[in-house]
Amino acid sequence: MSLDELYTSPQIAKRLGVTRQRVDQLVELGQLPRPLGRSGRTRLWRAADIELALAGRDPSTGRPPTPDWDTVPAPDVPLRLEVDEVLTVPGVWFDEAPRVHVRIWRGPAAGTRRTVVLYGALAESHGIITNYAETVARAIAAKHLGVGEARSAWYFGFWPRGFPRPELQVQYVSFAFPRVSGGGLLDTLLRRGSRDAWTGEFEQPVWQTIQAAQLTRVLGIEPDLDFPPGTYTAAVVTALAAGHRPAVIDFDPRGLGAQLRRVTRLHAYRQALLAGDGARPGLPALGLLADGGHHAAARTAEALGIAVRVLVPDARTVAEDYRLHADAADPGARLVERRFYRPGPDEHELLIRYADLADRELSTGAVHRALTAVRALAGALADQAETGGPHADTDLGDALAAAEPELVSTRHLLDPTLVDDPGPAPRAITEPGDAEHAYLAAVSWWGPAAGDAHRAAALRGHLWEKDLQGLRTGYDPFGRLVLHNPTTGTVAVERPRALPAAPYPDAAEIAATPGSMTAFVLLPDGRCDILPTDPRYSHDDVTWGYGGTGPEILARALSFAVLAHPDPEHPLTLEDRPPSTDAYLLDLVTRHPQYEPLRLTVSALRAQQDAAPAPAEVTE
């Protein structure tokens with residue numbers, strides 16, 4: 001072996017830009033291989049072993065580049081799996097602390113000690129390993145790795161089949177754990193396992209998608225990766241870690257059981273209403289639904305039948321999809337045995353019964369009536385649940401809530417030009433201005449009325465705890481519920497998303513306060529309305545003074561609620577207006593200074609609309 005193929009301690013120190021004493025420390029920490037031998041008093045290392053241990057690591061940042069996977073040597077013996085657990089990752093702002101599947105292998109490789117960390121995207125919190133990769137790595141290091149090991153470990157992220165792509169995916173992610181001047185902060189945090197160990201920033205990591213076979217080469221053994229789609233969950237990996245192989249699970253990722261319970265519940269109430277029953281065991285809301293006499297009960301039964309109709313297609317699709325998957329061979333079956341949910345005989349018969357009904361019964365008018373009835377029933381049931389009323393039925397409320405968007409979708413398919421009223425959007429305003437005070441002056445302070453407990457609860461959910469003491473309830477001139485705390489000044493309103501019942505008079509004014517994101521309409525008779533936003537767009541916070549989403553929403557709201565429509569049942573969108581009107585509204589809201597109150601006259605807006613040229617008629 002020539003001298004060119006060997007490194008001495010001074011050469012390694014120069015190569016790394018560190019002292020000879022630091023080289024000794026790196027050897028003791030296992031980050032560098034032990035010397036091959038000595039020549040007199042000089043220790044010698046094989047140059048190839050040193051370069052492999054460094055993996056090309058940049059000594060100025062400690063950040064390794066992407067390895068050449070074709071030259072990575074296999075370990076002397078398969079690495080030993082020493083950690084296999086579900087780890088809760090603190091320090092991430094979710095409703096529930098996210099979890100990842102952590103596996104750590106260790107063992108000798110090419111004259112040094114190799115540590116491989118594989119962290120997986122569990123179905124319960126799959127986004128975390130991309131969006132919070134450094135946080136995950138620090139949480140793993142704080143619990144399982146020594147300081148030197150944390151910096152020298154090989155990190156890999158894993159997505160199973162079905163997320164985010166049909167095939168499984170493995171990524172090599174190399175981290176440079178940050179050092180603070182003085183070199184000690186992260187080291188201290190990792191040594192004591194502090195919960196603060198995941199704060200701070202990392203150097204830009206290296207990301208590279210690799211083949212599963214390349215990870216197998218690094219480990220010297222093939223890891224479990226081929227989970228059937230939808231089964232990479234905390235419960236499954238915990239069962240596998242405990243030696244249960246395959247893990248047997250009841251499998252219903254698309255909620256077929258819940259869908260069938262909803263269909264069954266709606267059908268039971270419909271049957272009772274058609275039979276003329278005012279009470280029936282197990283159907284506590286029947287008296288509420290039957291209230292109003294025979295004709296009202298018949299209309300409610302019709303609405304429930306249509307609600308079942310719109311829920312059945314998806315349930316049948318899921319049931320058939322489950323059947324096909326259950327009958328097909330799955331290469332992941334050695335890890336997980338999926339017991340797909342199967343409809344019972346009665347459930348199957350019910351699906352067929354409603355699916356075979358004639359489509360002519362699903363007219364636009366019938367679906368619209370059903371949607372209106374479903375929303376009214378859902379509100380009444382929510383009130384029963386909020387007040388502990390005798391007609392409360394959580395299962396029926398869940399079924400109605402599931403049917404509502406399907407009815408909206410069905411009505412849209414039958415008549416795409418119809419505009420849906422999704423109901424009010426609750427909003428809290430913490431710093432009322434002149435517009436809000438004008439609105440509050442028009443509110444009648446009493447209530448809430450019987451049957452509005454759920455509306456009040458929805459509004460309270462948008463307030464801070466400090467605003468709940470001393471809260472008063474009222475109704476504006478248009479029947480909308482209002483909550484106001486005179487001490488803190490906070491107001492909670494139900495912002496409409498439907499056309500006003502009557503066109504605003506020309507003498508009305510649009511007024512808004514910077515930061516409230518809600519606009520009001522000051523009417524000449526002293527009443528004050530809330531400017532509706534266009535329900536065809538998901539955003540409804542209005543602002544002005546720049547070219548972002550908020551000003552566009554305000555422009556759309558002005559077009560929707562203030563300007564006239566040739567056919568009010570089919571309102572024009574902003575894009576349907578003449579280009580000059582479209583440009584005028586957008587320019588108007590973006591030009592107004594963002595931090596100044598907004599004040600616009602309805603007459604001026606309509607004058608601009610009247611001045612716009614009419615669209616040219618198309619001739620054949």
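Source: prediction; values computed, not measured.

Undergrad: Can you walk me through the overall build of the protein chain in this structure?
TA: Within the protein chain, the secondary structure is distributed over 20 helices and 19 strands. Burial status across the protein chain gives 45% buried among its 620 residues. Partitioning the intrachain contacts of the protein chain with sequence separation of at least 6 by distance along the chain shows that 68% fall at a separation of at least 24. Accessible area for the protein chain stands at about 30700 Å²; split by element, carbon and sulfur atoms hold 52% of it.

Undergrad: Sorry if this is basic, but what is going on with the pattern of salt bridges here?
TA: Any two side chains of opposite charge can pair, so long as their charged atoms come close to each other. Applying the stated criterion to the full structure yields 37 salt bridges. With its nearest N and O atoms 3.2 Å apart, the salt bridge here joins Arg254 to Asp321. Taken as a pair, Arg254 in the loop between strand 10 (247-251) and helix 10 (256-274) and Asp321 in helix 12 (residues 294-327) lie far apart in primary sequence, 67 residues in all. Given the relative accessible area of 39%, Arg254 is considered partly exposed. The network of salt bridges with common partners includes Arg161, Asp226, Asp330 and Arg338.

Undergrad: How do you make sense of the packing of aromatic side chains when you look at a structure like this?
TA: Centre-to-centre distance and the angle between the planes together describe a pair of aromatic rings. If you walk through the whole model with that rule in mind, you get 12 aromatic pairs. Counting every residue linked through ring pairs, the aromatic cluster contains Trp69, Trp154, Phe156 and Tyr172. Directly above the aromatic system of Trp154 lies the positively charged group of Arg114, at a separation of 5.0 Å from the ring centroid. Here Arg472 stacks its cationic end above the ring of Trp445, 3.8 Å away from the centre of that ring.

Undergrad: Before we go on, may I ask you to explain the packing of helix 12 against helix 15 (residues 394-414) in this structure?
TA: Describing two packed helices takes the angle between their axes plus the distance from one axis to the other. It is at 9 Å that the axes of helix 12 and helix 15 come closest, and there the two elements cross at 75 degrees. Classified by the angle their axes make, helix 12 and helix 15 are roughly perpendicular. On helix 15, the residues that touch Leu304, Ile306, Ala307, Val310 and Leu311 of helix 12 are Ala399, Leu400, Ala402, Ala403, Glu406, Leu407 and Thr410. Taken together, the residues of the contact of helix 12 with helix 15 sort by class into 10 nonpolar, 1 polar and 1 charged.

Undergrad: In this structure, what is going on with the environment of Ala303? I would like to understand it.
TA: For Ala303, the position within the fold is in helix 12. On a C-alpha basis, the gap between Ala303 and Thr372 in space is 8.7 Å, while along the polypeptide they are 69 residues apart. Setting aside anything within four residues of it in sequence, one finds Ala303 in contact with Ala370 and Ala373.

Undergrad: Quick question: what am I supposed to make of helix 18 (residues 549-561) here?
TA: Spacing of three or four residues puts side chains on the same side of an α-helix, whose turn is 3.6 residues. Under the 1.5 Å per step criterion, the end-to-end length of helix 18 is 18 Å for 13 residues, consistent within 8% with the ideal 18 Å. Among the 13 residues of helix 18, 11 are classified as buried, and the element is accordingly described as predominantly covered. All buried positions along helix 18 are accounted for by Gly550, Pro551, Ile553, Leu554, Ala555, Arg556, Ala557, Leu558, Ser559, Phe560 and Ala561.

Undergrad: Is there a simple way to explain the sheet that holds strand 16 (residues 509-512) in this structure?
TA: The strands making up a sheet associate through hydrogen bonds between their backbones, and the pairing can be parallel or antiparallel. One open sheet accounts for 4 strands, arranged 18-17-16-19; its pairing is antiparallel. Unpaired on one side and paired on the other, strand 18 (528-530) and strand 19 (598-601) mark the two borders of the sheet. When strand polarity is set aside, the average angle formed by the axes of neighbouring strands in this sheet is 25 degrees. Note that strand 17 (residues 519-522) and strand 18 share 3 bridges and pair antiparallel. Along strand 18, the bridge assignment pairs Phe520 with Ile530.

Undergrad: In this structure, what is going on with the sheet that holds strand 5 (residues 99-109)? I would like to understand it.
TA: Spatial strand order, 4-5-6-7-8-9: 6 strands in an open sheet with mixed pairing. Every interior strand has two partners, whereas the edge strands, strand 4 (80-88) and strand 9 (206-210), have only one. Along the sheet, successive strands turn relative to each other by an average axial angle of 25 degrees, direction set aside. Summarising the sheet, strand 8 (residues 169-174) and strand 9 pair through 5 bridges and their orientation is antiparallel. Bridging from a neighbouring strand, Val173 pairs with Trp207 of strand 9.

Undergrad: Explain the nonpolar core to me, please; I cannot follow it from the model alone.
TA: Soluble globular proteins tend to bury their nonpolar side chains together. Membership of the largest hydrophobic core comes to 73 residues, with the highest contact counts inside it found for Val116, Phe156, Leu215, Phe227 and Leu266. Looking at this core element by element, the count peaks at 14 residues for helix 12. Filtering out sequence-adjacent residues up to four positions away, Leu266 remains in contact with Leu304, Ala307, Val308, Leu311, Leu396, Ala399 and Leu400. Of all hydrophobic cores here, the second largest spans 27 residues; its members include Trp544, Leu554, Ala561 and Val602.

Undergrad: Explain helix 14 (residues 364-387) here, please?
TA: Look at helix 14: 35 Å from first C-alpha to last across 24 residues, which is about the 34 Å you get at 1.5 Å a residue. Three or more residues of helix 14 are buried, namely Ala366, Val367, Ala370, Leu371, Val374, Leu377, Gly379, Leu381, Asp383 and Gln384. Against the buried residues of helix 14 lie helix 11 (286-290), helix 12, helix 15 and helix 17 (453-460). Once helix 14 ends, the next one or two residues include Gly388, with phi positive near 70 degrees.

Undergrad: What exactly am I supposed to notice about unusual backbone geometry here?
TA: Leaving glycine aside, a negative phi is the common case for residues, and trans is the common case for peptide bonds. With an omega dihedral of 0 degrees, the bond running from Arg245 to Pro246 counts as a cis peptide bond. Note on placement: Pro246 falls in the loop between helix 9 (234-241) and strand 10. Note that the residue after Gly447, namely Pro448, is joined by a cis bond; omega there is 10 degrees. Relative to the helices and strands, Pro448 resides in the loop between helix 16 (434-441) and helix 17. We note that Met517 has phi near 60 degrees; this positive angle belongs to a residue other than glycine. Inspection of the secondary structure puts Met517 in the loop between strand 16 and strand 17.

Undergrad: Can you help me understand the confidence of the model for the protein chain in this one?
TA: Atomic detail in the predicted coordinates should be set aside for any region of low pLDDT. In the predicted model, the protein chain carries a mean pLDDT of 86, and 88% of its residues have values of at least 70. Confidence over residues 179-201 falls short of pLDDT 50; this stretch has 36 contacts with residues more than four positions distant or in other chains.

Undergrad: Would you mind going over the pairing of strand 10 with me for this structure?
TA: On strand 10, burial follows the alternation: Ala247, Ile249 and Phe251 on one face are buried, whereas Val248 and Asp250 on the facing-out side are not. Bridge count between strand 10 and strand 11 (residues 336-340): 5 bridges; the pairing is parallel. Note that in strand 11 the partner of Val248 across the bridge is Glu337.

Undergrad: For this particular structure, what's the right way to read the pairing of strand 15 (residues 491-495)?
TA: Summarising burial for strand 15: 5 of the 5 residues are buried, a large majority. Side chains Val491, Val493 and Arg495 project from strand 15 onto one buried face, and the interleaved Ala492 and Glu494 project onto a second face that is buried too. Judged from the 5 bridges that link them, strand 12 (residues 425-429) and strand 15 form a sheet pairing that is antiparallel. The partner of Arg427 across the bridge, within strand 15, is Val493. The pairing of strand 14 (residues 481-484) with strand 15 spans 3 bridges and is classified as antiparallel. Within strand 15, the position partnered with Val482 by the bridge is Val493. Hairpin connection of strand 14 to strand 15: 6 residues between the antiparallel strands, including Gly489 at a positive phi of 85 degrees.

Criteria and thresholds
Residue indices begin from 1 for each chain and proceed along its sequence in written order. At least 70 in pLDDT is required for a residue's local features to be given in this predicted model, at least 80 for side-chain atom pairs to be given and counted, and no such filter applies to totals for whole chains, interfaces and linings, which use all residues. No hydrogens and no water enter the side-chain calculation; it runs on all heavy atoms of the structure. By the criteria applied, helices consist of DSSP H or I runs no shorter than four residues and strands consist of E runs no shorter than two, each listed in order from the N terminus. We call a residue buried when its accessible area falls under 20% of the maximum for its residue type, exposed when it is over 50%, and partly exposed in between, using a 1.4 Å probe and counting protein chains only. Any two residues whose heavy atoms approach within 4.5 Å are treated as being in contact. To measure how exposed things are, a 1.4 Å probe is used in the Shrake-Rupley method; for residues, cover is taken only from the protein chains shown. Counted as salt bridges are all cases of a side-chain nitrogen of Lys or Arg within 4 Å of a carboxyl oxygen of Asp or Glu. Only centres within 6.5 Å qualify two rings of Phe, Tyr or Trp (six-membered ring in Trp) as a pair; their planes then separate them into stacked at under 30 degrees, edge-to-face at over 60, and tilted for everything else. In this scheme, the term charge over a ring applies when either NZ of a lysine or CZ of an arginine sits within 6 Å of the ring centre and within 35 degrees of the ring normal. Simply put, an axis is a line fit to the C-alpha atoms, just over the touching stretch for a helix, and the angle between two N-to-C directions goes from 0 to 180 degrees. Angles below 35 degrees are treated as roughly parallel, those above 145 as roughly antiparallel, those between 65 and 115 as roughly perpendicular, and all remaining angles as oblique. Charged means Asp, Glu, Lys or Arg here, nonpolar means Ala, Val, Leu, Ile, Met, Phe, Trp, Tyr, Cys or Pro, and polar covers whatever is left, Gly included. Helix span is expected to be 1.5 Å times the residue number reduced by one. Here, a strand pair is defined by DSSP locating no fewer than two bridges between the strands. Here, nonpolar core refers to any group of buried Ala, Val, Leu, Ile, Met, Phe, Trp, Tyr and Cys residues whose side-chain atoms link them within 4.5 Å. Looking at any residue, its pLDDT shows the predictor's confidence there, from 0 to 100.

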